[in-house]
Amino acid sequence: MFLNWCIVLIFSTGTSLFHSVQFFTNVPDHSGVSPVIRFLLHLQTGLPRSVVFWQTVLGMFPLLLLHVVAVKCSSEPMVDVVVDRYHIPKLCPREVQTEDFIRYHFNGTFHVDGKTFDSSHDRGKAFISQVGLGRLITGMDRGLQGMCVNERRRITVPPHLAYGSIGTGGVIPPDAVLVYDVLLLDIWNTEDKVEIRTLSKPKKCSRVAMASDFVRYHYNGSLLSGQAFDSSHDKNATYDTYLGQGDLIEGMDQGLLGMCVRERRVIIVPPFLAYGEKGHGRLVPPQATLVFEVLMVDLFNPKDDLIVEVKEVPIGCTRRTTVGDYIRYHYNGTFQDSTAFDSSYQRNSTYNTYVGMGYVIKGIDKALQGLCMGEKRRVVVPPHLAYGGDGVGELIPGSAVLVFDIHVIDFHNPNDPVDVKVTHKPQECDVLSEADDWLQYRYNCSLMDGTLLYSSDQFDSPSVTTLGANQVIPGLEQGLIGMCVGETREVVVPPHWGHGESGAGGVPGSAVLFFQLELVELRKGVPEGFMFVWLGDSPDPLFPAMDLNGDQEVPLQEPSSCCRSSRATVVFGRESKQTTSFRTCSTVRTSTKTARSSHLK
């Protein structure tokens, strides 16, 4: 038990004047030890704060201590609880105050022999109570004040602040000094609200989460003590849900509002806005404050439409895509948090498809309409216009918003003709190219995005061809018809006039080709009908030798007979397309030069 003693210190300041200071303290009753010695031993432990205080004060003056007297004082107890804060956490954002609720573990032992009389650890369940309103023994109400979560204290409670001279329930004897070893796990108050701490936020935040939005987020969940209870990262999947529809605990519904994609928050939810008295499973105990570290990955609303942001439109856009066009484009596909999921650039191949005909997801089918060649767009596609709640395997999760950065390379319609634009025409332009003419020309061949494929400048001399001889792609032949020497043209050749869906060496499939042409030389060709080429000297005169029956006409049968007897070869004109250039019937000049560009047949 504790005995109530008055300690009187009598000292002198070096003058004839004497002073005395009286302390009141409770000194443990150790039999056989004088009260003064017991006080001095107790003073050495530093437990009675009043003694320590006066000991410090007296040490400041050159006092001469003359005598120490210990006498019994009144029976009125003057002692408070003794608190030993033997572990204080580095961070303590909140301390226990009157009317706070707390959740803590404890071991209760008797001071006299250290025997345990109660323990929350043994029960496997933390103790929950409110502080300062008489729900705890007075000593614990006082001893828990100012405590931090994760702090450990040893609280010594004298009998009159515990169970007094009566004890309780046969467990606590009368006049027992109790020692509680406490670990604080949680603090909350009925006035608490959801606490939000923003860790990071993107500079650009065009939209924030609102009620009725669908969100996808990652989180780490822990108790206020730091003990983890759940994590979406461990599952390698976001948590996906609607806001404001009761699918989440109330505190999370509140804490997620106003978040941007890629924002990080800490959301602290008091128990009554979390799982309350019931807790959740075996990892979230009753009346637990929950701490969530959240990363917002995605958000959208079921009423969302496409979001199209035009990044770049080429100058002089005269035509835009419409339903039925065939388009070639490059793209980068990402989620809203910038995580990439696909890219045509990585495959080094454009994505090719028809516009508005259901060959791609609905959002992209719509976004591909109204585009110019060379245009760049960013398209944000909500899940209901993309892959919905199912996603695509491990590539695209369910309910994912997709972001496409699109660059249109070219497009055409299967009914498009060859587009010919004259860029320069000489003043004298009387002789125009036509079928069977021999041409020498310069050219640059490129894709519609400006990528050069071939050029006659890469060779020693311009290219040559004979119109109608099936030596070049049909679109180029169309572009060369009707030209005069010195004329320049720009010719757009759709793939069905070019190399088609298969492409050719260096030319992608379904590519629209752009030619810059200049006609260098023109030699007129053979008229309709046929002609003969003599391998030796030709007859002189020629016509009578061919007109075997003398009727002034030379049908095919007559010159054929003539040829057999005169070592001549029949060379057909436009119908057979076997000749390249002729000056006279007796003199034939044929180009032996082989064309070297991809637009040749």
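Residues numbered from 1 in each chain as written. Predicted model: local features only at pLDDT ≥ 70, side-chain atom pairs only at ≥ 80, totals over all residues. Heavy atoms only, no water.

This brings us to the overall build of the protein. The helix and strand inventory of the protein stands at eleven helices and 29 strands. Counting every position in the protein, which comprises 601 residues, the buried fraction comes to 45%. Intrachain contacts of the protein at a sequence separation of at least 6 include 69% that bridge at least 24 residues. (Helix = DSSP H or I, 4+ residues; strand = E, 2+ residues; numbered from the N terminus. Buried < 20%, exposed > 50% of the residue type's maximum accessible area, 1.4 Å probe, protein only. Contact = heavy atoms within 4.5 Å.)

On inspection of all chains with the given rule, the structure shows four disulfides. Between the sulfur atoms of Cys-92 and its disulfide partner Cys-148 the distance amounts to 1.8 Å. When the S-S torsion is -95 degrees, as for the bridge of Cys-92 with Cys-148, the disulfide is left-handed. One end of the pair, Cys-92, is in the loop between strand E4 (82–87) and strand E5 (101–110); the other, Cys-148, is in the loop between helix H4 (138–143) and strand E8 (152–157), and 56 residues separate them in sequence. By relative accessible area, which is 28% here, Cys-92 ends up partly exposed. (Disulfide = S-S within 2.5 Å.)

Turning to unusual backbone geometry, a few remarks are in order. With a phi close to 75 degrees, Asn-150 is a non-glycine residue in the positive phi region. Relative to the helices and strands, Asn-150 is located in the loop between H4 and E8. Even without glycine at this site, Ser-338 takes up a positive phi of about 80 degrees. Among the secondary structure elements, Ser-338 is positioned in the loop between strand E17 (326–335) and strand E18 (340–343).

Before going further, it helps to spend a moment on the side chain of Asp-325. Tracing the backbone shows Asp-325 in the loop between strand E16 (307–312) and E17. Here the side chain of Asp-325 touches Thr-322 through a polar contact of 2.9 Å, landing on its backbone nitrogen. Non-local contacts of Asp-325, meaning those with residues more than four positions away in its chain, are made with Arg-319, Arg-320, Thr-353, Tyr-354, Val-355, Phe-411, His-412 and Asn-413. (Polar contact = N/O pair within 3.5 Å; in protein donor to acceptor, adjacent residues only side chain to side chain.)

Looking now at the pattern of salt bridges. As a working rule, side chains carrying opposite charge can pair if their charged atoms are close by. Tallied over the full model, the rule gives 32 salt bridges. Asp-325 serves as the salt-bridge partner of Arg-319, at 3.8 Å between the closest nitrogen and oxygen. Among the residues examined, Arg-319 registers a relative accessible area of 35% and is labelled partly exposed. Judged by relative accessible area, which is 1%, Asp-325 ranks as buried. Taking the shortest distance from any N to any O, the salt bridge between Lys-524 and Asp-437 comes out at 2.8 Å. With Lys-524 in the loop between strand E27 (513–523) and strand E28 (530–534) and Asp-437 in the loop between strand E22 (419–424) and strand E23 (438–447), the pair connects residues that are 87 residues apart, well separated along the chain. Judged by relative accessible area, Lys-524 falls into the partly exposed class, the value being 36%. Given a relative accessible area of 1%, Asp-437 falls into the buried group. When salt bridges that share partners are traced, they join Asp-84, Arg-154 and Asp-181 into one network. (Salt bridge = Lys/Arg side-chain N within 4 Å of Asp/Glu carboxyl O.)

Applying the stated criterion across every chain, the model contains 23 aromatic pairs. Judged by centre distance (6.3 Å) and plane angle (80 degrees), the rings of Tyr-331 and Tyr-351 are edge-to-face. Of this pair, Tyr-331 sits in strand E17 while Tyr-351 sits in strand E19 (residues 351–354), and the two are 20 residues apart along the sequence. Taken together, Tyr-104, Phe-106, Phe-110, Phe-117, Phe-127 and Tyr-180 form an aromatic cluster joined through their ring pairs. Positioned above the aromatic ring of Tyr-86 is the side chain of Arg-154, whose terminal nitrogen or guanidinium carbon lies 4.6 Å from the ring centre. (Phe/Tyr/Trp six-rings, centres within 6.5 Å; stacked < 30°, edge-to-face > 60°. Lys NZ or Arg CZ within 6 Å of the ring centre and 35° of its normal.)

A few words now on the pairing of strand E24 (residues 452–455). In this structure, E23 lies alongside E24, joined through three bridges in antiparallel fashion. When the bridges of E24 are listed, Ser-446 appears paired with Leu-452. (Pairing = 2+ DSSP bridges.)

This part takes up the pairing of E8. Taken together, the four bridges between E4 and E8 define a ladder with antiparallel strand orientation. Paired with His-87 across the two strands is Arg-152, which belongs to E8. Both E8 and strand E9 (residues 178–188) contribute to a ladder of six bridges, which runs antiparallel. Bridging from a neighbouring strand, Val-157 pairs with Leu-178 of E9.

On the surface, Val-308, Val-310 and Val-313 cluster together into a nonpolar patch covering about 210 Å² of accessible area. Relative to the helices and strands, Val-310 is located in strand E16. (Patch = residues over 30% accessible without salt bridge, like charges linked within 9 Å, V, L, I, M, F, W, Y side chains within 5 Å. Areas by Shrake-Rupley, 256 points an atom, 1.4 Å probe, with all protein chains shown as cover.)

One can find Leu-371 in the loop between helix H8 (362–367) and strand E20 (376–381). Judged by its relative accessible area of 1%, Leu-371 falls in the buried class. Dropping the residues within four chain positions of it, Leu-371 is found in contact with Arg-319, Arg-320, Thr-321, Ile-327, Arg-377, Val-408 and Phe-411.

Right, let's get into the side chain of Asp-304. You can see Asp-304 is positioned in the loop between strand E15 (290–300) and E16. At 2.8 Å, the side chain of Asp-304 and the backbone nitrogen of Asn-301 are in polar contact. The contact partners of Asp-304, leaving out residues within four places of it in the chain, are Arg-207, Pro-382 and His-384.

Relative to the helices and strands, Val-355 resides in the loop between E19 and H8. A relative accessible area of 0% means that Val-355 is categorised as buried. For the pair Val-355 and Ala-367, spaced twelve residues apart in sequence, the C-alpha to C-alpha distance is 9.2 Å. Not counting chain neighbours up to four residues away, the residues in contact with Val-355 comprise Thr-322, Val-323, Gly-324, Asp-325, Ile-327, Asp-365, Leu-368 and Gln-369.

On to the environment of Gln-227. Structurally, the position occupied by Gln-227 is in the loop between strand E11 (214–223) and strand E12 (228–231). In this structure the C-alpha to C-alpha distance between Gln-227 and Val-284, which are 57 residues apart in sequence, comes to 9.7 Å.

Right, let's talk about the confidence of the model for the protein for a bit. In the predicted model, the protein carries a mean pLDDT of 83, and 77% of its residues have values of at least 70. Element-level mean pLDDT values for the protein span from 38 in strand E2 (residues 18–28) up to 98 in strand E14 (residues 264–269). In this model, residues 1–76 is a region of pLDDT below 50 whose contacts with residues beyond four sequence positions or in other chains number 115 contacts. Per-residue pLDDT stays below 50 along residues 572–598; that stretch engages in 64 contacts with residues further than four places along the chain or on separate chains. (pLDDT = per-residue confidence, 0-100.)

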